[in-house]
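Given next are the chains, with one letter for each unit.
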Amino acid sequence: MIELPSPVDIGAPVQYLNWRKHQPSAILAITDSERRFIGSVLPTGAGKTLTVVAAALISGHRTIALTSTKLLQEQYIKDMAEAGMVDVKGQGNYECLAFGDEHRGLRDKQWHGCDDGPCRAGLPCSRKPLPDELHIEKGCLSYDAVARALKSRLVVTNYKYWLNANRYGAGLGKFDCLVLDEAHHAPTELADFLSTTFDPVDAQVLGSAGPNDVDSAAWANWAKGRIGAVARALESRPQSKAELRKYRQLKRAAQKLSTLSEMKAGEWVVQLHGESWHFDPVWVRSYSEKHLFCRIPRVVCTSATFTRKTAEMLGIEDGNLTWHEAPSDFPVARRPVYYVPCVKVDYKADESQIRLWLATIDNFLRSRRDRKGIIHAVSYARAKQIHAYSEFSGAM
């Protein structure tokens, strides 16, 4: 094992007394790499969180880690707050306090998130910092989280927040290192961020239904021709609840126009479903630098299942990639893989497909009641669905 000072000696929380087997070599692969990208493939249980945080502490690099789930983001904070890590989430996770006092007249529901706060419509708010005051905490739960992140050397957030903050907001400052945790999800996270739907509400708000065409170039040109007029319309400030709702709709439509205007010919699938147009990127590599990597000098892609193919999908060239892969500690004979044909479970799945999916899971569990196991769901919603309808929910 490569000799490193103990975790505590480099500033890790006190519960980390010793390194796990694969951590020292993985840490040094990050800190010693002369290439911009590092693929850090570590098996389950190797301790990826401590690995990337330790690399940040040793190098002194200001580091941000991205997670694909809020649960993993919360786990980072639970484990690493003592090392100085802070987290920031989307504005919808924080209550807008302005609806309780200075803008109580605009309140139209019991709970308002900061994502639909009055300041989002350009109205003044004493809790919102000025552009040069973003590092100052002024009482807004969302902006205060951003202020703490701007002042921290260690930050964790989720892919969705990172992508949106850099596209539509001011970001979280300059970083030396970006960590893509569960990096095998990164292409999908970026694709989901870029994908958009143009529906009848958007058409009504913009006063145009757009080109009746599956040509992405036609839509891109159409969007570019309307961005300026929409930006000017957003300069007006709403004075009533009705105007505030319309402003929010216009702002959402403006964000969709921004996505459509970036589409490159031959790289997008354009489909009409009912009265709505759906836009999905075929490849995301053309958009990785601008939206995900953001010119950060060091990018660590860590996961138990990250592959060179995934790196290629993100536009990472092999000549600019340091590859470090640790073997699994579990014998091959004890980790077989079984493929059970079922259905594709996504937002298009209908009720009959969901029932078949749940029945397949239960059939697998039925013959394995003598052991513990883990069901990996892609979201909280799917996990809750399994728990609610499985005949073995009482054991979950």
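See above for the structure.
Note that the structure is predicted; figures quoted are calculated from it, not measured. (Residues numbered from 1 in each chain as written. Predicted model: local features only at pLDDT ≥ 70, side-chain atom pairs only at ≥ 80, totals over all residues. Heavy atoms only, no water.)

S.K.: Sorry, what's going on with the environment of V214 here?
M.R.: As for its position among the elements, V214 is in the loop between helix 7 (200–206) and helix 8 (216–233). Classification of V214 by relative accessible area gives exposed; the value is 53%. The sequence separation of V214 and T49 amounts to 165 residues, and the corresponding C-alpha distance is 44 Å. Every residue in contact with V214, bar those within four places of it in the chain, is listed here: V270 and W277. (Helix = DSSP H or I, 4+ residues; strand = E, 2+ residues; numbered from the N terminus. Buried < 20%, exposed > 50% of the residue type's maximum accessible area, 1.4 Å probe, protein only. Contact = heavy atoms within 4.5 Å.)

S.K.: Explain the pairing of strand 2 (residues 63–67) here, please?
M.R.: Of all five residues making up strand 2, five are buried, and the element is well covered by its neighbours. Taking every second residue as pointing to the same face, both faces of strand 2 are buried, with T63, A65 and T67 on one and I64 and L66 on the other. With five bridges joining them, strand 2 and strand 4 (residues 154–158) adopt parallel strand pairing. Looking at the pairing, T67 lines up with N158 of strand 4. (Pairing = 2+ DSSP bridges.)

S.K.: Any chance you could explain the packing of aromatic side chains here in plain terms?
M.R.: Scanning all chains against the criterion turns up nine aromatic pairs. Ring geometry for W162 versus F175: centroids 6.0 Å apart, planes at 65°, classification edge-to-face. You can see W162 sitting in helix 5 (residues 159–168) and its partner F175 sitting in the loop between helix 5 and strand 5 (177–181), a full 13 residues away along the chain. The exposure classification of W162 matches that of F175, with both residues buried. On the basis of an interplanar angle of 80° and a centroid distance of 5.4 Å, the ring pair of W219 and W222 is categorised as edge-to-face. Here W222 and W219 lie together in helix 8, a separation of three residues that amounts to about one turn. The pair formed by W219 and W222 is uniform in burial state, with each residue classed as buried. In textbook terms, an aromatic cluster arises when at least three aromatic residues are bridged by ring pairs, as seen for F198, W219, W222, W277 and F279. We note R285 situated over the ring of W283; from NZ or CZ to the ring centre the distance is 5.0 Å. (Phe/Tyr/Trp six-rings, centres within 6.5 Å; stacked < 30°, edge-to-face > 60°. Lys NZ or Arg CZ within 6 Å of the ring centre and 35° of its normal.)

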